[in-house]
Amino acid sequence: DEQLYGQGHERPERDSCPICTLPIPLPVSTNSGIFVCCMKRICDGCSAAAGKTGMSRHCLFCRTPFPGSDAAHLAMVQMRVAKRDPAAILPRSKWGPNGLAKGSRA
């Protein structure tokens, strides 16, 4: 670890899991998931561990229940956009066909 961290290359804090605080393996987008309730990126390892303990129906970071429908999912994203959360303000393609329309406001 000391050799790795002593090379002068640092990864952004957003590339670390807020649960285990370890760097998320690259590519980050395929080795983690974003929870729309709090817009936190959680590593697949923490998600798998939570699934084994029965915590798979709530956000691992804020404990909010997962949305039950696409409409509830979109409402959570819109709520984060309304709070001006930079992680929620992404291109529509990020949120799929149910995402926010380009230029729309929550």
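So, how was this worked out
- Residues numbered from 1 in each chain as written.
- Predicted model: local features only at pLDDT ≥ 70, side-chain atom pairs only at ≥ 80, totals over all residues.
- Heavy atoms only, no water.
- Pairing = 2+ DSSP bridges.
- Helix = DSSP H or I, 4+ residues; strand = E, 2+ residues; numbered from the N terminus.

Participant: Would you explain the pairing of strand E1 (residues 32–35) in this entry?
Facilitator: Taken residue by residue, a regular strand's side chains alternate between the two faces of the sheet. For E1 and strand E2 (residues 40–43), the ladder comprises 4 bridges, and the chain directions are antiparallel. Bridged to glycine 33 within E2 is isoleucine 42. Remark: 4 residues form the turn of the hairpin made by E1 and E2, two consecutive strands paired antiparallel; methionine 39 in that turn has positive phi of roughly 60°.

Participant: Can you help me understand unusual backbone geometry in this one?
Facilitator: Note: most peptide bonds trans; most residues except glycine with negative phi. Between leucine 26 and proline 27 the backbone carries a cis peptide bond, its omega angle lying at -10°. Within the fold, proline 27 resides in the loop between helix H1 (2–5) and E1. Even without a glycine there, the phi angle at arginine 84 is positive, about 60°. Of note, arginine 84 is situated in the segment after helix H3 (70–82).

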